[in-house]
Amino acid sequence: MGSSRKFLIAGNWKMNKTGAEAIELASDLNALVTKNKNVDIVICPPFTALADLSKLPISKIRLGSQNFHPAANGAFTGEISAEMLKELHVEYVIIGHSERREYFGETDKFVNEKVISAIANGLIPIMCVGETIQQRDANETFDVIKQQITAGLTNIDKISAEKIVIAYEPIWAIGTGKTATPELAQEVHAFIRELLSKIFGPEISKKIKILYGGSMKPENARDLLNKHDIDGGLIGGASLKADSFNAIIAATNIL
Ligand code: PGA
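Please read these numbers as outputs of a predicted model, since none were measured by experiment.

**Observations concerning the site of the ligand**
In the vicinity of the ligand there are 13 residues, among which Lys14, His97, Glu169, Gly175 and Ser215 approach most closely. Between Asn12 and the ligand, the recorded distance is 3.4 Å, taken from a side-chain N or O atom to an oxygen atom. The separation between an oxygen atom of the ligand and a polar side-chain atom of His97 is 2.7 Å. Considered on its own, the ligand offers 280 Å² of accessible surface; in the complex 95% of this is hidden by protein.

Spelled out as structure tokens, the structure:
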């Protein structure tokens, strides 16, 4: 990781953990993590667990949401607003995860609306981008990433851009056990940083965190996090157990 940035390790629990299980996991994790000024720790549980977790004394962990709706309120059955999340002390929100793009039809335009709304509401967006295996095999990775980044960050000013977090998650690596090699991930992260530099200028681009996601686990975390443009991880499977998630967090200690 570049020296001017702080690590961010975020757990994406997806549709896992009941309220009671969430309390247990978050409490176990909070007890395990040791203080380290160089890393922010975030968990993104299902909506149903957020209210309970917001009342837990888990001071070392910040709360994030897996999704939200960009409108302030209204007739959007099944959706949750930024204001509802902030009432529960949620600080981060995952936007445009590939599962939402693929299974729930989220477009780059909707992703962009959410990024704008998150910033306007004081939530930190974690905007996800990533290519499919077909796109990678067809040498389209950089085109796909460029399209997702430029469309997702349309109409974002420089001051707001600093707060945005990008997660590079190659779809072929999510939940498959197949991790991108550190070199391959770094190549795309460097490309994203260069794009951000073109859009917002070099100074701002150095401040934006770019996380890697896709089968990050204790065994590979250190080598990935050691790369210059990898500033943390968005972790699915390995965030569902306190010891494996903590081992990934601990990898930031020795870097
Ligand atoms: P995984 O998921 O760590 O289970 O591959 C990552 C993600 O989808 O955010």
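So much for the structure itself; the text now carries on.
**Focus: the pairing of strand 5 (residues 124–129)**
The side chains of a regular strand alternate between the sheet's two faces. Burial runs high along strand 5: five of the six residues are buried. Two strands pair when backbone bridges link them, and strand 4 (residues 90–95) and strand 5 are joined in this way by four bridges, in the parallel orientation. Across the sheet, Tyr92 pairs through a bridge with Ile124, a residue of strand 5. Both strand 5 and strand 6 (residues 165–168) contribute to a ladder of four bridges, which runs parallel. When the sheet's bridge partners are listed, Val129 is paired in strand 6 with Tyr168.

**Describing unusual backbone geometry**
If you check the backbone angles, Lys14 has positive phi at about 55° while not being a glycine. As for its placement among the helices and strands, Lys14 is situated in the loop between strand 1 (7–12) and helix 1 (19–32). Unlike most non-glycine residues, His89 shows phi in positive territory, near 65°. Tracing the chain through its elements places His89 in the loop between helix 3 (82–87) and strand 4. Given a relative accessible area of 51%, His89 falls into the exposed group.

**Focus on the pairing of strand 4**
Burial analysis of strand 4 places five of its six residues in the buried class, the great majority of the element. With three bridges connecting them, strand 3 (residues 62–65) and strand 4 associate as parallel partners. When the bridges of strand 4 are listed, Leu63 appears paired with Val90.

**Notes on the side chain of Asn246**
Note on placement: Asn246 falls in helix 12 (residues 242–251). Residues within four places of Asn246 in sequence aside, it is in contact with Leu29, Leu32 and Val33.

**Details of the packing of helix 11 (residues 218–225) against helix 12**
One way to put it is that helix 11 packs onto helix 12 with a least axis distance of 9 Å and a crossing angle of 25°. As summarised for this structure, helix 11 and helix 12 are arranged roughly parallel, according to the angle between their axes. Considering the relative orientation of helix 11 and helix 12, their crossing is right-handed. Across the interface between the two elements, Pro218, Ala221, Arg222 and Leu225 of helix 11 pack against Ser244, Ala247, Ile248 and Ala251 of helix 12.

**Overview of the side chain of Asp108**
Mapping Asp108 onto the fold places it in helix 5 (residues 108–120). A distance of 3.0 Å separates polar atoms of two side chains, one belonging to Asp108 and the other to Gln147. Once residues lying within four places of it in the same chain are set aside, the contact partners of Asp108 are Arg101, Gln147, Gln148, Ala151 and Gly152.

Rules and cut-offs
- Residues numbered from 1 in each chain as written.
- Predicted model: local features only at pLDDT ≥ 70, side-chain atom pairs only at ≥ 80, totals over all residues.
- Heavy atoms only, no water.
- Near = heavy atom within 4 Å.
- Polar contact = N/O pair within 3.5 Å; in protein donor to acceptor, adjacent residues only side chain to side chain.
- Areas by Shrake-Rupley, 256 points an atom, 1.4 Å probe, with all protein chains shown as cover.
- Buried < 20%, exposed > 50% of the residue type's maximum accessible area, 1.4 Å probe, protein only.
- Helix = DSSP H or I, 4+ residues; strand = E, 2+ residues; numbered from the N terminus.
- Pairing = 2+ DSSP bridges.
- Contact = heavy atoms within 4.5 Å.
- Axes fitted to C-alpha atoms, helices over the stretch in contact; angles between N-to-C directions.
- Parallel < 35°, antiparallel > 145°, perpendicular 65-115°, else oblique.
- Left-handed = near helix turned anticlockwise from the far one by under 90°.

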